[in-house]
Amino acid sequence: GAHSFTGSGPRMARRGDDGSTYITLPVYEIVDNSSNTWKGTSESAWVDKDGNVMKLEGKVLMHREPSATAQRVDLDTRDLTITTDPKLKDAKGHPVADAPHRNQRMETAAPTTITETNDTIYGVGMKADMDMKTMELLSNVHMISLPGKR
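A quick note: this is a predicted structure, and the numbers were derived from the prediction, not measured.

About the criteria used
- Residues numbered from 1 in each chain as written.
- Predicted model: local features only at pLDDT ≥ 70, side-chain atom pairs only at ≥ 80, totals over all residues.
- Heavy atoms only, no water.
- Helix = DSSP H or I, 4+ residues; strand = E, 2+ residues; numbered from the N terminus.
- Buried < 20%, exposed > 50% of the residue type's maximum accessible area, 1.4 Å probe, protein only.
- Contact = heavy atoms within 4.5 Å.
- Core = buried A, V, L, I, M, F, W, Y, C linked by side-chain atoms within 4.5 Å.
- Salt bridge = Lys/Arg side-chain N within 4 Å of Asp/Glu carboxyl O.
- Pairing = 2+ DSSP bridges.

Counting through the fold element by element, M126 comes out in strand β9 (residues 119-129). Assessed through its relative accessible area of 0%, M126 is described here as buried. Once the C-alpha coordinates of M126 and P111 are considered, the two residues, 15 residues apart in sequence, prove to be 8.1 Å apart. Dropping the residues within four chain positions of it, M126 is found in contact with L75, L80, M106, E107, T108, T112, I114, E136, L137 and L138.

This is the structure in structure tokens:
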């Protein structure tokens, strides 16, 4: 299947009872559906057995690497959950080759700061849809926009 995330840290443990993975002080890389790379850190991370849910716990700092088609974006928040649509499986439970892409979403109830080239947006609570390329701050939103190159 397509690469969706990589994680490493000083301590990683896989739970035998449910197959989930717990990582302390993770450094991770997430690839969105447009092949943009997001890199980040958090205090800890929990990933379910199938890799469909990743909970980044504590302070979360992540950024999208700039590319020819996307500018750098910085995200500063806490307790961020990233969900990915489950892999399509055939009647025998095997992953379907060449299945459509899997949508990724991010969500937190915590205060969040999003910084782009000339804009900084603050708010409480955030939902993002990586497929639709949208980020929505849910309440108490403030924006600072500086003049300059767009």
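All right, on to the nonpolar core then. Core analysis: the largest hydrophobic core is formed by 20 residues, its most contacted members being L56, M62, L80, M106 and M126. Those elements that provide at least two residues to this core are β4 (27-31), β5 (37-47), β6 (53-64), β7 (73-84), β8 (104-115) and β9. With residues near it in sequence (within four places) discarded, M106 still touches M62, L75, L80, T81, I82, M126, K127, A128, M130 and M135.

Enumeration according to the criterion identifies six salt bridges in this entry. As a salt-bridge pair, D17 and R15 come within 2.7 Å of each other at their nearest N and O atoms. A salt bridge links K59 to D76, with the nearest nitrogen and oxygen atoms 2.6 Å apart. Here the residue K59 occupies a position in strand β6, and D76 occupies one in strand β7, the gap between them amounting to 17 residues. Classification of K59 by relative accessible area gives partly exposed; the value is 35%.

Here four bridges tie strand β1 (residues 5-8) to β4, and the two strands are oriented antiparallel to one another. Pairing of F5 across the sheet is with I30, part of β4. Judged from the five bridges that link them, β4 and β5 form a sheet pairing that is antiparallel. Of the residues in β5, the one forming a bridge with V31 is T37. Connecting the antiparallel pair β4 and β5 is a turn made up of five residues, with S35 showing a positive phi of about 65 degrees.

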